[in-house]
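Examination of the molecular architecture
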Amino acid sequence: MSENKSVQREQMMLYEPLPRVITKMAVPSIIGFLITAVYNLADTFFVSGLGESATAAVSVNASLDQIIMMAGSMLAVGAASYVSRLLGARNKQKADQVLSTAFFLAFAFGLVVSVLGTAFMGPMVRVLGATDTCERYAVEYATYVLMVAPFMATTFVMNQCLRAEGSPMRSMFGMGFGGILNCFLDPIFIFNLEMGVAGASLATAISKMASFAILIFPYATRRSVLRLSHRCIHFERDILVQTITVGSSSMFRSGLAVVSAIVLNNIAGNISDAVLAGIGVSNKIMMFPFGFVLGFGTGFQPVAGFNWGARRYDRVRKSYQFSAWTAIIGSAVMGLLLALFAQPLIGLFAQSDHAAEMREIGALCIRLQCLALPVHGWVAVVNMLCAGLGRAKGALLLSTSRQGTCFLPIVYPMAWLWGANGVAAVQAVADLLSLFLALPLIVRLLREIDEAGRVQRDGASDFVQ
């Protein structure tokens, strides 16, 4: 069965029209990201009925999710990139080893986070940005999430590698089912069982475990192209180097996202819980257009990587051109629509009369990020091209720009100069600045792709002569 799937995947990647292939790979990923955004926002929506402090606590714990994601996504992105190139080069045995090694390393990391986070719960949420008024809620929310941290970390690996082997529908279903389940469980645990913020945490934990069970099923029943087994664990140098160097861009991105979120939470919290909640809610709303961008890029990355491994350089370039224009135009349309409805969207999470400040800051944050959304979409495609081709330095540079090198140097000056408005604007400004890092990088990459194609054509010509 797996051999037939491998042949079908090769035929699809190398010969089907690229818009169709990329769309086929991207749509399930987009749906998966959107459903994930829904259940991340679901906690905030239902908890918002408990007050601004409870809403702020959920926003603070978004950084905890990023910490769990950090090594899990590093191993997932690095493994998926290497797996795509190995399958393109028809080296399935090595691909099995990459998947298994990344899976068990991710579980170990998640276990470390679970143990340390539980042992130092109070200090942890304070560092994440919890204020005196929302600390109790933040501890309640972190409790159950930490229990499932090892399974959350491994879910990222299985999710990415299923996409890399050409099974995006399974990936989408695994992530999507957990998201839908969370939306149903939230009101039951929060209100019907009167568990409050702890109920939102428990609903999230159960949903994460459901996603884990669904994603591991094809591996456990041998219905996947790749094999997942402890017998396939190989700590070989090339596996570790390829996985960690390429995936390090994702790890640093997640790590810097944690740092930037902590900094932003502390700055916003010093102003008021309303500003902290408004920035947190607006960032979660922006996960919807970001989900489209990331999902599309995730569909594009294995196509570029597979064709690079198969030496189809013409398809690598064409896949980038299609993806870049689609991301720019699609982001512009989404940004316009979201900016028009920013005020009523924020109003869903701030319905009381005294929440005017939260509504104002949240709407401003959304509109400014929408202005920069086309730039963010294009930079994301360039980032995925770097990752797909195994260009670790370029992927690292762009992955860390949005919430790192272009964000951290400006957040304090903007907050000092413009207060709450500066805090609302900082992410949009960072997105625009990342453009200046991506431009020289894509010029160099396209030259490299064209040169590889020229050398290949010249070699074929010499062989014919």
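Being a predicted model, the structure only gives us computed values, none of them experimental.

The first and last C-alpha atoms of helix α15 (residues 356-371) sit 23 Å apart over 16 residues, in line with the 22 Å expected at 1.5 Å per residue. Residues of α15 that are buried: Met358, Arg359, Ile361, Gly362, Ala363, Cys365, Ile366, Gln369 and Cys370.

Taken as a whole, this structure holds zero disulfides when the rule is applied. Cys232 supplies the cysteine sulfur nearest to Cys161, a cysteine that is in no disulfide, at a spacing of 13 Å. The thiol sulfur of Cys386 is not disulfide-bonded, and the nearest other cysteine sulfur, from Cys406, lies at 15 Å. On the accessibility criterion, Cys386 (0% relative accessible area) is buried.

At Glu194, a position not held by glycine, the phi torsion is positive, near 55°. You can see Glu194 is positioned in the loop between α8 (168-192) and α9 (197-220). In this structure Glu194 comes out as exposed when scored by relative accessible area, which is 71%. Positioned with a positive phi, Arg222 is a non-glycine residue whose angle comes to about 60°. Along the chain, the position of Arg222 falls in the loop between α9 and α10 (237-271). Taking the relative accessible area as the measure of exposure, Arg222 reaches 57% and is therefore exposed.

Another aspect to go through is empty space enclosed by the protein. Considering all chains together, one arrives at three cavities of 30 Å³ or more under this definition. Looking at the second largest cavity, its volume works out to about 40 Å³. In this structure, the second largest cavity is lined by Ala80, Ser81, Ser84, Gln160, Arg163, Ala164, Thr298, Gln301 and Pro302. Among the elements of the structure, α3 (52-88), α7 (149-164) and α12 (287-309) are those that each provide at least two residues to the lining of the second largest cavity. Class assignment of the residues belonging to the lining of the second largest cavity gives a composition of three nonpolar, five polar and one charged.

Going through the model one piece at a time under the given rule, you end up with 12 salt bridges. Here Glu451 makes a salt bridge to Arg454, at a shortest N to O gap of 2.5 Å. Of the two residues, Glu451 and Arg454 both sit in helix α19 (residues 408-464), three residues apart, roughly one turn of that helix. Residue classification places Glu451 among the partly exposed residues on the basis of a relative accessible area of 37%. A single salt-bridge network, built from bridges that share partners, covers Lys94, Glu236 and Asp238.

Glancing now at the nonpolar core. Counting 71 residues, the largest nonpolar core has Val157, Tyr320 and Leu385 as the members making the most contacts within it. Setting aside chain neighbours within four positions, we find Val157 in contact with Gly72, Leu75, Ala76, Leu99, Ala102, Phe103 and Ala106. In this structure, Leu146, Val148, Val197 and Val258 belong to the second largest nonpolar core, which totals 53 residues.

Calculation criteria
Residues numbered from 1 in each chain as written. Predicted model: local features only at pLDDT ≥ 70, side-chain atom pairs only at ≥ 80, totals over all residues. Heavy atoms only, no water. Helix = DSSP H or I, 4+ residues; strand = E, 2+ residues; numbered from the N terminus. Expected span 1.5 Å × (residues − 1). Buried < 20%, exposed > 50% of the residue type's maximum accessible area, 1.4 Å probe, protein only. Disulfide = S-S within 2.5 Å. 1 Å grid on protein atoms, 1.4 Å probe; cavity = no way out; pocket = protein on both sides within 12 Å on 5 of 7 lines; lining within 4 Å. Points joined across faces, edges and corners; volume = space filled by probe spheres on them. Nonpolar A, V, L, I, M, F, W, Y, C, P; charged D, E, K, R; others polar. Salt bridge = Lys/Arg side-chain N within 4 Å of Asp/Glu carboxyl O. Core = buried A, V, L, I, M, F, W, Y, C linked by side-chain atoms within 4.5 Å. Contact = heavy atoms within 4.5 Å.

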